[in-house]
Amino acid sequence: MINEGKTKIIESISDSTLVRVRTKDVLTANDSAKRINLPVAEDKTSQNCSVMFYLKSHNIPVAYKTRNDDTSFIAEKCSMIPIECVIRRHPYGSYLKRNTEKLSTYKFSPPLCEFFHKNAVVLPILAHKNLHAITPEVRLMLENSAREYFMENGKWTHTVYTDPLIETTTRTWFLYPAKEPKLHPLMHIDPIVNEKTLEYIKNKLMIPTFELLEKAWLRFKVKLIDLKIEVGFNYNNELIIADVIDNDSWRIWLDGDPYQ
């Protein structure tokens, strides 16, 4: 095992340029405060393999290679960029919490692209039973560590902002709460990638992927509202779609109705 996340396990195989991605029988919600074991691994694996095969057949660069068994697939080993890439056709979810003047009927054309940091922003804390949790300044922390230190019985015991929104400039990235109006940044960091790379991610990966899947869903009278993807560099230093795309990656509405 190379790494284990909330919903999957990354395993090494004989080819050092590839990995096996194994899906867990688990569903999570609310920053993983809610977790339930259900027999979903096979279905989620099928969803991802179908989506990745479809994207690959339309010349979208993806890490996916082939299905391995009922609950795993083989993919290129990637160095992941620690950001979540979100594409929106309509405002919904956290976007409406940050932009209260918008309505969900509004249509972004072209689709709106947003970036969120994979780590959590933790506000200063001067006393804690675990010394590693103490920090006199605002800092970024792995989300798993933040949950370990500051979550009990599914509730945060300290102010933690997961998946902060990134506002990019050439020299500095500003991080904002994902689910509050964008008033003041929580902190700023050095850019993880440059502006040229961000533009490539938007125009060559995010928007083409969204538009392909949007057209595919429309054939079933289903509207794709938003989509989350993650990207990384493979062994050839090519920037590609990695991780997974399944039913936890998008918001879809049957006949465009959010209540169906």
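What counts and how
Residues numbered from 1 in each chain as written. Predicted model: local features only at pLDDT ≥ 70, side-chain atom pairs only at ≥ 80, totals over all residues. Heavy atoms only, no water. Pairing = 2+ DSSP bridges. Helix = DSSP H or I, 4+ residues; strand = E, 2+ residues; numbered from the N terminus. Contact = heavy atoms within 4.5 Å. Axes fitted to C-alpha atoms, helices over the stretch in contact; angles between N-to-C directions. Buried < 20%, exposed > 50% of the residue type's maximum accessible area, 1.4 Å probe, protein only. Core = buried A, V, L, I, M, F, W, Y, C linked by side-chain atoms within 4.5 Å. Phe/Tyr/Trp six-rings, centres within 6.5 Å; stacked < 30°, edge-to-face > 60°. Lys NZ or Arg CZ within 6 Å of the ring centre and 35° of its normal.

A.B. asks: Now, about the sheet that holds strand β6 (residues 64–69): what can you tell me, with residues and values included?
C.D. replies: With antiparallel pairing, the five strands of this open sheet are ordered in space as β1-β2-β3-β7-β6. Each edge of the open sheet is held by one strand with a lone partner, namely β1 (3–4) and β6. On top of the sheet, helix α1 (residues 41–57) reaches β3 (18–23), β6 and β7 (72–76); it is set at about 150° to β6, its chief contact.

A.B. asks: For the pairing of strand β9 (residues 83–88), give the residues involved together with the corresponding values.
C.D. replies: Within β9, six of the six residues are buried, which leaves it mostly tucked inside the rest of the structure. In β9, alternate side chains face the same way, and those of I83, C85 and I87 on one face and E84, V86 and R88 on the other are all buried. In this sheet, strand β10 (residues 112–117) lies alongside β9 in antiparallel orientation, the contact comprising six bridges. The residue bridging I83 from the neighbouring strand is H117, located in β10. Bridge count for β9 against strand β19 (residues 222–233) is four bridges, and the pairing is antiparallel. Note on β19: the bridge partner recorded for R88 is D226.

A.B. asks: Residues and numbers for the nonpolar core, please.
C.D. replies: By size, the foremost hydrophobic cluster in this structure holds 47 residues, and its most contacted members are L55, I229, I241 and I245. Take this core: its biggest share by element is eight residues, from helix α4 (residues 195–218). When residues no more than four places from it in sequence are discounted, the contact partners of I241 are M52, L55, I60, P61, V62, A63, L205, T209, I229, E230 and V231. Counting nine residues, the second-largest nonpolar core is a separate cluster that includes A120, A133, M141 and F150.

A.B. asks: Go over the packing of aromatic side chains with me, naming the residues and quoting the values.
C.D. replies: Aromatic ring pairs: the centre-centre distance and the angle between the two ring planes describe each pair. Overall, the coordinates contain six aromatic pairs when judged by the stated rule. Judged by centre distance (5.9 Å) and plane angle (75°), the ring pair of Y149 and F150 falls under edge-to-face. Y149 sits in the buried class, given a relative accessible area of 14%. Note on F150: relative accessible area 1%, which makes it buried. Through a chain of ring-to-ring contacts, the aromatic side chains of Y95, Y106 and F108 assemble into a single cluster. A cation sits over an aromatic face here: K102 above Y106, 3.8 Å from the ring centre. Note that K182 overlies the ring of Y176, its terminal NZ or CZ placed 5.3 Å from the centroid.

A.B. asks: Outline the sheet that holds strand β11 (residues 120–122), supporting the account with residue identities and numerical values.
C.D. replies: Spatial ordering of the open sheet is given by β12-β11-β15, a layout of three strands whose pairing is antiparallel. Two strands in the sheet have a free side with no partner beyond their single neighbour: β12 (139–141) and β15 (160–161). Sheet topology note: the β11/β12 ladder contains three bridges and is antiparallel. Within the sheet, the bridge partner assigned to V121 lies in β12 and is L140. Sheet contacts for helix α3 (residues 143–150): β11, β12 and β15; angle to β12, the most-contacted strand, approximately 95°.

A.B. asks: Describe unusual backbone geometry, with residues and values.
C.D. replies: Looking along the chain, the bond that leaves S109 and enters P110 is cis, with omega of 5°. You can see P110 is positioned in the loop between α2 (94–98) and β10. Of note in this structure, N59 is not a glycine but carries a positive phi near 65°. Counting through the fold element by element, N59 comes out in the loop between α1 and β6. Even without being a glycine, D163 presents a positive backbone phi close to 45°.

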